[in-house]
Amino acid sequence: MNIALTRGLQVLLAEDDAVSALFLADALGALGCSVQHHADGADALQAARSMRFDLLLLDLHLPRCNGSELLAKVRLDATSASHETVAIATCAGLEAAQHAHLLAQGFSDVLPKPLSLALLTATLHAHAAGVQLDEARGQAAAGSAATLAALRGLLVLELAQLSAQFDALLARDPPGLCERLHRLRASCGFCGALQLQDAAAAAHDELHQGRACAVTLARLRALLGSTRLSLLRAGAAVPAGPTTTRPVPGHPDAG
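Residues numbered from 1 in each chain as written. Predicted model: local features only at pLDDT ≥ 70, side-chain atom pairs only at ≥ 80, totals over all residues. Heavy atoms only, no water.

(A) Here's a closer look at the confidence of the model for the chain. Taken over all residues, the pLDDT of the chain has a mean of 86, while the share at 70 or more is 91%. Averaged pLDDT values over the elements of the chain bottom out at 79 in helix 4 (residues 96-105) and peak at 97 in helix 2 (residues 41-50). Below pLDDT 50 for its whole length, residues 242-255 participates in 24 contacts with residues either more than four positions away or in separate chains. (pLDDT = per-residue confidence, 0-100. Helix = DSSP H or I, 4+ residues; strand = E, 2+ residues; numbered from the N terminus. Contact = heavy atoms within 4.5 Å.)

(B) Inspection of the nonpolar core at higher detail. Ranked by size, the top nonpolar core spans 48 residues in total, and within it L57, L120, L181, L184, L196, L220 and L224 carry the most contacts. For L224, the residues in contact, after removing those within four places along its chain, are L159, L162, S163, F166, L184 and L196. Among the nonpolar cores identified, the runner-up in size contains 23 residues, and L60, A87, L103 and F107 belong to it. (Core = buried A, V, L, I, M, F, W, Y, C linked by side-chain atoms within 4.5 Å. Buried < 20%, exposed > 50% of the residue type's maximum accessible area, 1.4 Å probe, protein only.)

(C) Layout of unusual backbone geometry. Backbone torsion omega between K113 and P114 reads 5°, so that peptide bond is classified as cis. You can see P114 is positioned in the loop between strand 5 (109-112) and helix 5 (117-129). Even without being a glycine, R64 presents a positive backbone phi close to 70°. Judged by relative accessible area, which is 62%, R64 ranks as exposed.

(D) The environment of S108, seen in detail. With respect to the secondary-structure elements, S108 resides in the loop between helix 4 and strand 5. Sequence spacing of S108 and L217 is 109 residues, and the spatial spacing of their C-alpha atoms is 18 Å. Apart from residues lying up to four places away in sequence, S108 is in contact with V86, A87, L103, H127, G225 and L229.

(E) Expanded view of the sheet that holds strand 4 (residues 86-91). The sheet built from five strands is open, its strands ordered 2-1-3-4-5 with parallel pairing. The open sheet terminates on both sides in strands that have one partner only, identified here as strand 2 (34-38) and strand 5. The average angle at which neighbouring strand axes cross in this sheet is 20°, direction not considered. Note that strand 1 (residues 10-14) and strand 2 share five bridges and pair parallel. Across the sheet, L12 pairs through a bridge with Q36, a residue of strand 2. (Pairing = 2+ DSSP bridges. Axes fitted to C-alpha atoms, helices over the stretch in contact; angles between N-to-C directions.)

(F) Spatial organisation of the pattern of salt bridges. Enumeration over the complete set of coordinates arrives at nine salt bridges. A salt bridge links E179 to R183; its shortest N-O distance comes to 2.8 Å. One end of the pair is E179 and the other is R183, both in helix 8 (residues 174-191) and four residues apart, which spans about a single turn. On the basis of relative accessible area, E179 is assigned to the partly exposed category, the value being 48%. Sharing partners across several salt bridges, the network here consists of E15, D59 and K113. (Salt bridge = Lys/Arg side-chain N within 4 Å of Asp/Glu carboxyl O.)

And the structure:
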């Protein structure tokens, strides 16, 4: 297990379920992270205000202050030590619309429970390393800075939608996921998101051949969130109007 990227990361783990907390604390420790665990949301909020963490891993159903409320209070308080720290939500049984709503609230990623070690590792690696965007490639493809910002804004929306629907597509419509990944590869090329482009290509090829590797899929899923964050930091011009989310076959929203 490569822990070079995660060694020494200060992680706030806010989790009230004893089994989940034990698994996550042990897994984070094995990755070289320093973990401060709180089972109570109010205690976790106080910790985030007083200490600068590298990552906030927040369960959505905490006593006294749930994960969404905790993040909102930290983000609104510029004096909080972890005011700008990357936050990842954890929850069981989220629908796609709820997932997208959490991303809009400011979470960089949403991890389903039960959570695999492969997905946790890939997610931490993606966020710890950051995603480098190829500005020269993006400018050459777009033709101007304004066009590049607009294209990246559209990609931000696509990544939020795909991240929210990823698990359902994988389970119910692998060919549909292949199609989305094929389009994603082209979008990433226009926007200079080459790491995600490579990950989408690898997952597309494996899915197409019916041999999708858990590690490949975990890396892709993690890069959806970390690339979205990098695009926003790079000035992506996200459209303000309503957008159309492609329905997932078999999902209640699909009709």
